[in-house]
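Letter by letter, the chains look like this.
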Amino acid sequence: MPAEPAPVRVGVTGHINLTRDTELLVADALLVELRRISDRPVHGVTCLAAGADQLFVHAILKLGGTYEVILPARDYRTAVIDPENRTTFDDLLARAAAVVHTGHDHSDTAAYVAANRELVRRVQRLVAVWDGEPGCHAASTDRTVDWARGLGIPTTVLWPAGARRMPRSD
């Protein structure tokens, strides 16, 4: 009997600052997209940020898949993950099939670029939860989409009708 083929490796990139209603829309869109990509559970690759990344992991788990996490820096949990989201982050990190560290100590643009490039290097497909607006730094969602497309990685952009980002507080 032939061995089952390896699961499709799907990465995610996307916005962290989604409204609650948008999170619901994106969660549904991710389930539809993952089912479209493969009729079998997929293996996800994520940096496990709030928003799109964690919604992606929940969809992967709901469909019976596995995932790995790329941590941009050693201080990522304390420097980037909001205290109210750390329990969820810790739970999802503990459930990962693998955790990869970029080797960076501090969560900064260089660490995020390294993590996004490692993510793109590990996937066969990319899903971007992105409103289409250009980002303001080298590790923005648009740059990750460009890297993937430049390597010929099929990329799907999800931004459901009615989706919104929370206003910036800076």
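Use the structure listed above.
Nothing here was measured: the structure is a model prediction, and the numbers come from that model.

**Q** A description of the packing of helix H1 (residues 20-37) against helix H2 (residues 52-62) should follow, citing residues and the corresponding values.
**A** Relative to each other, H1 and H2 sit at 45°, their axes nearing to 9 Å. In this view, H1 runs oblique relative to H2, as classed from their interaxial angle. Relative to H2, H1 is oriented so that their crossing is right-handed. For the pair formed by H1 and H2, the contact residues are Glu23, Val26, Ala27, Leu30, Leu31 and Leu34 on the first element and Ala52, Leu55, Phe56, Ala59, Ile60 and Lys62 on the second. When its residues are assigned to classes, the contact of H1 with H2 shows ten nonpolar, no polar and two charged.

**Q** Go over the packing of aromatic side chains, please, and point to the residues and values.
**A** On inspection of all chains with the given rule, the structure shows one aromatic pair. Judged by centre distance (6.0 Å) and plane angle (55°), the rings of Tyr76 and Phe89 are tilted. In this pair, Tyr76 is assigned in helix H3 (residues 76-80) and Phe89 in helix H4 (residues 86-95), connecting sequence segments 13 residues apart. A relative accessible area of 4% places Tyr76 in the buried class.

**Q** So what about unusual backbone geometry? Which residues, and what values?
**A** Here the phi dihedral of Leu48 falls at roughly 65°; this positive angle occurs in a residue that is not glycine. Within the secondary structure layout, Leu48 lies in the loop between strand E2 (43-46) and H2.

**Q** A description of the sheet that holds strand E5 (residues 125-129) should follow, citing residues and the corresponding values.
**A** The strand order E4-E3-E2-E1-E5-E6 describes an open sheet built from six strands, whose pairing is parallel. Since the sheet does not close on itself, it has two edges, and those belong to strand E4 (98-104) and strand E6 (155-158), each with one partner. Direction aside, neighbouring strands of the sheet carry axes that sit 20° apart on average. As paired elements, strand E3 (residues 66-73) and E4 share five bridges and run parallel to each other. Paired with Leu71 across the strands is His101, a residue of E4. Across the sheet, H2 is in contact with strand E1 (9-14), E2, E3 and E5; its angle to E1 comes to roughly 150°. Its contacts with the sheet place H4 against E3 and E4, and it is angled at close to 120° to E3.

**Q** A description of the pattern of salt bridges should follow, citing residues and the corresponding values.
**A** Evaluation of the coordinates by the stated rule reveals ten salt bridges. Residue Glu68 pairs with Arg9 through a salt bridge whose shortest N-O separation is 2.9 Å. Of this pair, Glu68 sits in strand E3 while Arg9 is found in strand E1, placing the two residues 59 residues apart along the sequence. Here Glu68 falls in the buried class, since its relative accessible area comes to 5%. Among the ionic pairs, Arg36 bridges to Glu33, the shortest N-O distance being 2.7 Å.

Thresholds applied
- Residues numbered from 1 in each chain as written.
- Predicted model: local features only at pLDDT ≥ 70, side-chain atom pairs only at ≥ 80, totals over all residues.
- Heavy atoms only, no water.
- Axes fitted to C-alpha atoms, helices over the stretch in contact; angles between N-to-C directions.
- Helix = DSSP H or I, 4+ residues; strand = E, 2+ residues; numbered from the N terminus.
- Parallel < 35°, antiparallel > 145°, perpendicular 65-115°, else oblique.
- Left-handed = near helix turned anticlockwise from the far one by under 90°.
- Contact = heavy atoms within 4.5 Å.
- Nonpolar A, V, L, I, M, F, W, Y, C, P; charged D, E, K, R; others polar.
- Phe/Tyr/Trp six-rings, centres within 6.5 Å; stacked < 30°, edge-to-face > 60°.
- Buried < 20%, exposed > 50% of the residue type's maximum accessible area, 1.4 Å probe, protein only.
- Pairing = 2+ DSSP bridges.
- Salt bridge = Lys/Arg side-chain N within 4 Å of Asp/Glu carboxyl O.

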